[in-house]
Amino acid sequence: MDKRNLSMLMDLYEMTMANGILDSEMEGTIAYFDMFFRRVPEEGGYAIMAGLHQLIEYFENLSFGDDDIEYLRALNLFDERYLEFLQNFKFECDVWAVPEGTPIFPREPIITVRGPIMQAFLVETMVLLTINHQSLIATKANRIVRAADGRPVLEFGSRRAHGYDAAVLGARAAIIGGCVGTACVLTGKDFGVNPSGTMAHSWVQLFDSEYDAFKTYAKKYPDSTTLLVDTYNVLKSGIPNAIKVFDEVLKPMGKRPKGIRIDSGDITYITKKARKMLDDAGYEDCKIVVSNSLDEYLIRDMLIQGAKVDIFGVGERLITAAKEPVFGGVYKLVAVEKDGEIVPKIKISENTAKITIPGVKIPWRLYDRDTGKCIADVMTMGYEKIDDTKPYEIFHPEYTWKRKTVENFVAKKLQVKVYEKGKLVYESPCVNEIAKYCKEQVELLWDEVKRFEKPHTYYVDLSQDLWDQRSELLHKHSK
């Protein structure tokens, strides 16, 4: 658990808006906010939900201390009544969320917050910060893992992450996305993941010879000997010295080497040669681990070209999602309660992609009963239920003439209740359970949705009632 109080980690406008509500007709308003994202990073077919556990930790510790209040008072922006509200703050919102590890798609609500407007304002930054970061890294990791085509991927990015939180929680997200291990010891400690690692080039350089470095290491770790063979020359010295140590140190002990690691050079060419050298020496079971600024595209190309790789270690381009390091989730007001009724709210923009879907919504996922595969997602009004015992018509929300009647399907709600009036009612699974769930759910997507380039568009449709409500509000506010 993160012991820091992150309650003040917010944009100032969250405070000024909450303070500004005081003594207005909107002060007691109950509001609904949705977090959603507009597009998948790297033009991918889907994203992976992650970060809910840390969001829960934030909500559980949401309070303001005396030093926070004094700092805010010194800004000369806030009423004393508002500062008193903060000093006595108690989280009272309802929260729904899509479980971690679930494939998610643009525009559908992945977090929904319902509560007093002054409270719902204050959590925006942390909702976005927490979910955006881990969903970004989990999505990137899942792409890399798929490119590895069944070969294990290890997260190696701590030293290149954008700060220590990004290293620890990025590694957690990478595990959710499908990585089997991480080099980050703190992530291993905090989340029950076995850390992985052997040696750096400095270990080899420290000794008078590469052979002495390998020999010392093998004697110390005979049950887990993996040697870094590219400090000098992989094929001329690294692998020959490794084989010599395997023969002279491990074999007399009845031990077998775990692997060699290559971190530079033309990995495709080198691994082909290395595999033959190891096999000829009788070490067919010795794994070849590679690293060196890898991503899904390099991994895919290396395997197409016949690289002999057993395990990939991926660092900077995973932990920073280097090609597109922004997830882009937003937090928007979608409804308020007035006189016992829910009043939908819409944001209209010249940029049509920024027009919101108003109202309290339920996101559903439709699965084919025979194959188990995902058919489409549908957002309905809060009062609607999808009866999966009957045919159900879905249609494209923009090109409404594109319609399909779905039969023989199962409809499941995507969100689960996390908070009931400020009380936690959800138990987070451990990260390994989330990773297993994620793998199972990704397998339910059609391969066409999982393409790296120009994936098939997975449809997120609106029910007829929701589409009608959105059209009505667009017409009303466009006059």
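First, a word on what this report is: a plain description of the structure on this page. (Residues numbered from 1 in each chain as written. Predicted model: local features only at pLDDT ≥ 70, side-chain atom pairs only at ≥ 80, totals over all residues. Heavy atoms only, no water.)

### Considering the pairing of strand 10 (residues 287–290)
One ladder, built from four bridges, connects strand 9 (residues 259–262) with strand 10; its direction is parallel. From the neighbouring strand, Ile262 faces strand 10, where its bridge partner is Val290. Handedness of the β-α-β unit built from strand 9, helix 12 (residues 267–280) and strand 10 comes out right-handed. Two strands pair when backbone bridges link them, and strand 10 and strand 11 (residues 311–314) are joined in this way by two bridges, in the parallel orientation. Note that in strand 11 the partner of Val289 across the bridge is Ile311. Handedness of the β-α-β unit built from strand 10, helix 13 (residues 296–304) and strand 11 comes out right-handed. (Pairing = 2+ DSSP bridges. Helix = DSSP H or I, 4+ residues; strand = E, 2+ residues; numbered from the N terminus. Right-handed = clockwise from strand over helix to strand, strands pointing away.)

### Side note on the packing of helix 7 (residues 164–177) against helix 15 (residues 431–442)
If you want to describe how two helices pack, look at the angle between their axes and the distance between the axes. Two elements in contact, helix 7 and helix 15, have axes whose closest approach is 7 Å; the angle formed by their N-to-C orientations is 40 degrees. What the angle tells us is that helix 7 and helix 15 run oblique. In this structure, helix 7 uses Arg172, Ile175 and Ile176 to contact helix 15, whose residues at the interface are Val431, Asn432, Ile434, Ala435 and Cys438. Among the residues forming the contact of helix 7 with helix 15, the class breakdown is six nonpolar, one polar and one charged. (Axes fitted to C-alpha atoms, helices over the stretch in contact; angles between N-to-C directions. Parallel < 35°, antiparallel > 145°, perpendicular 65-115°, else oblique. Contact = heavy atoms within 4.5 Å. Nonpolar A, V, L, I, M, F, W, Y, C, P; charged D, E, K, R; others polar.)

### Concerning the environment of Pro325
Relative to the assigned elements, Pro325 resides in the loop between helix 14 (316–319) and strand 12 (329–338). Pro325 gets classed as partly exposed once you look at its relative accessible area, which sits at 47%. Note: C-alpha distance between Pro325 and Leu136 (189 residues apart in sequence) is 7.4 Å. (Buried < 20%, exposed > 50% of the residue type's maximum accessible area, 1.4 Å probe, protein only.)

### Overview of the pairing of strand 15 (residues 374–381)
Burial runs high along strand 15: seven of the eight residues are buried. Relative to strand 15, strand 14 (residues 361–368) runs antiparallel, the two sharing seven bridges. Residue Lys361 lies in a different strand from strand 15, and its bridge partner there is Met381. Between the antiparallel neighbours strand 14 and strand 15 lie five residues, among them Gly372 with a positive phi of about 80 degrees. Alignment of strand 15 against strand 21 (residues 460–462), held across three bridges, turns out to be parallel. When the bridges of strand 21 are listed, Met379 appears paired with Leu462.

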